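Coordinate analysis (summary)
One letter stands for each residue in the lines below.
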Amino acid sequence: MWMMRLFFLLLMTACSSQASPADKQCAYKGKGKQKQQKQHLSVAKPQIVIDPGHGGFDLGAHSRVCEEKEVCLKTAERVKKHLLQRGYRVIMTRTRDEFVPLKKRAQIANLSQSQLLVSIHYNAAKSEEASGAEVFYYDHGESWRVQKSKQAAQLVLSNIISNTGTNSRGVKGGNFCVIRETKMPSILVEGGFLTNPAERTKLCDSKYIDKLALAVVEGIDQYFKKGQ
Ligand SMILES: [Zn+2]
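I will try to describe carefully the structure that is included in this document. What you are looking at is a predicted structure, and each value in this text was computed from that prediction instead of being measured.

**Digging into unusual backbone geometry**
Residues apart from glycine generally show negative phi values, whereas peptide bonds are mostly found in trans. Of note, His 54 is a non-glycine position whose phi angle comes to about 60°, a positive value. Following the sequence through the fold, His 54 ends up in the loop between strand E1 (47-52) and helix H3 (68-85). If you check the backbone angles, Gln 113 has positive phi at about 50° while not being a glycine. On the basis of relative accessibility, which here comes to 68%, the residue Gln 113 falls in the exposed class.

Structure representation (structure tokens):
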């Protein structure tokens, strides 16, 4: 019996002890946090890594008037803007004119645990005639990733073609570091040829870049709506 009394005494003491204002605040914050997390889980859209090609001393394809690294960053910034407007979360592998090694880019993507990586590049060829857009995915490794990457590549390319009117060079398997070394579905977009004079003129036009960026985002949106 004395054990029971001791137990009730201890219980009363514990219940009657005043919670400090800090404790109350913590409890309040805790509840708020739980609520926030629930809301977050129900509305959070996927996180996407946008990888603007080249940067710093690595100019990429270039001519007297245009450097690939600049056009890549401009496009990536617009892609980011449109994705954020649609509620997606975005991680950039670079946000300024700096050199980021390819393996580091893949590492950034893998650590971020994002659902998709989109690398943005522009093309170059010996012939000035070469033109159009193409999208690569890594066609080796885990089959689910290959399938998902291919699906994203097809959707992004078809939107680029319909939105910009450029010609399609197709969806292709490619062995590029950023799409090979990442763990999530990954694609590499070649938006056009900087070595083709007519295409270069378009690629130097901000309105065209915005159109292209919007097409990439539309493709990403369709990809996630198709059963992620
Ligand atoms: Zn490139």
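Following the structure, the description resumes.
**Here we look at the coordination of the zinc ion**
Each pair of donors in an ideal four-coordinate tetrahedral metal site encloses 109.5 degrees, whereas pairs in an ideal six-coordinate octahedral site enclose 90 or 180 degrees. Bound to the zinc ion are the protein donor atoms His 54 (NE2), Glu 68 (OE) and His 121 (ND1), situated 2.0 to 2.2 Å from the metal. Sequence spacing of the donor residues for the zinc ion, all on one chain, is H-x13-E-x52-H. Residue His 54 is found in the loop between E1 and H3, and its partner His 121 is found in strand E3 (residues 116-123); the two are separated by 67 residues along the sequence. Residue His 121 is classed as buried on the basis of its relative accessible area of 12%.

**Concerning the layout of surface pockets**
The calculated volume of the largest pocket comes to roughly 210 Å³. Lining the largest pocket are 13 residues, and of these His 54, Leu 102, His 121, Phe 176 and Leu 188 sit closest to its centre. Looking at the lining of the largest pocket, the elements with two or more residues in it are helix H4 (102-112), helix H6 (177-180) and strand E6 (186-193). Here the lining of the largest pocket is built from residues that sort into seven nonpolar, two polar and four charged.

**Observations concerning the pairing of E6**
Counted residue by residue, E6 has eight buried out of eight residues, so it is predominantly covered. Taken together, the six bridges between E3 and E6 define a ladder with parallel strand orientation. Residue Ile 120 lies in a different strand from E6, and its bridge partner there is Val 189. Pairing of strand E4 (residues 133-137) with E6 involves four bridges; the strand directions are antiparallel. Bridge assignment links Glu 134 to a residue of E6, and that residue is Glu 190.

**Looking at helix H5 (residues 143-164)**
Spanning 22 residues, H5 covers 31 Å between terminal C-alpha atoms, matching the ideal 32 Å at 1.5 Å per step. Residues of H5 that are buried make contact with E3, E4, strand E5 (168-173), H6, E6 and helix H8 (206-225). Just downstream of H5, Gly 165 is the residue with a positive phi angle, here 80°.

**Let's talk about the packing of H5 against H8**
Interhelical geometry of H5 versus H8 gives an angle of 140° and a closest axis separation of 8 Å. Crossing geometry of H5 relative to H8 is assigned as right-handed. Judged by residue contacts, Lys 148, Gln 151, Ala 152, Leu 155, Val 156, Asn 159, Ile 160, Asn 163 and Thr 164 of H5 engage Tyr 208, Lys 211, Leu 212, Leu 214, Ala 215, Val 216, Glu 218, Gly 219, Ile 220, Gln 222 and Tyr 223 from H8. The class makeup of the residues in the contact of H5 with H8 is eleven nonpolar, six polar and three charged.

**Digging into the side chain of Asp 51**
Note that Asp 51 resides in strand E1. Under the relative-accessibility criterion, Asp 51 is labelled buried at 1%. Leaving out residues up to four positions away in the same chain, Asp 51 has contacts with Thr 93, Arg 105, Leu 117, Val 118, Ser 119, Ile 120 and Val 178.

**Re the pattern of salt bridges**
Between side chains of opposite charge, a pair can form when the charged atoms approach closely. Scanning the entire structure with this criterion turns up ten salt bridges. Its salt-bridge partner being Asp 51, residue Arg 105 comes within 2.8 Å of it at the nearest N-O pair. One end of the pair, Arg 105, is in helix H4; the other, Asp 51, is in strand E1, with 54 residues separating them in the sequence. In this structure, the salt-bridge partner of Lys 225 is Asp 221, at a minimum N-O distance of 3.3 Å. With a gap of four residues between them, Lys 225 and Asp 221 both fall in helix H8, about one helical turn apart. Connected through shared salt-bridge partners, Arg 86, Glu 218, Asp 221 and Lys 225 make up one network.

Rules used in this analysis
- Residues numbered from 1 in each chain as written.
- Predicted model: local features only at pLDDT ≥ 70, side-chain atom pairs only at ≥ 80, totals over all residues.
- Heavy atoms only, no water.
- Helix = DSSP H or I, 4+ residues; strand = E, 2+ residues; numbered from the N terminus.
- Buried < 20%, exposed > 50% of the residue type's maximum accessible area, 1.4 Å probe, protein only.
- Donors = N, O, S within 2.8 Å, 3.2 Å for Na, K, Ca; no water.
- 1 Å grid on protein atoms, 1.4 Å probe; cavity = no way out; pocket = protein on both sides within 12 Å on 5 of 7 lines; lining within 4 Å.
- Points joined across faces, edges and corners; volume = space filled by probe spheres on them.
- Nonpolar A, V, L, I, M, F, W, Y, C, P; charged D, E, K, R; others polar.
- Pairing = 2+ DSSP bridges.
- Expected span 1.5 Å × (residues − 1).
- Contact = heavy atoms within 4.5 Å.
- Axes fitted to C-alpha atoms, helices over the stretch in contact; angles between N-to-C directions.
- Left-handed = near helix turned anticlockwise from the far one by under 90°.
- Salt bridge = Lys/Arg side-chain N within 4 Å of Asp/Glu carboxyl O.

Any link to function would need more than the numbers given here.
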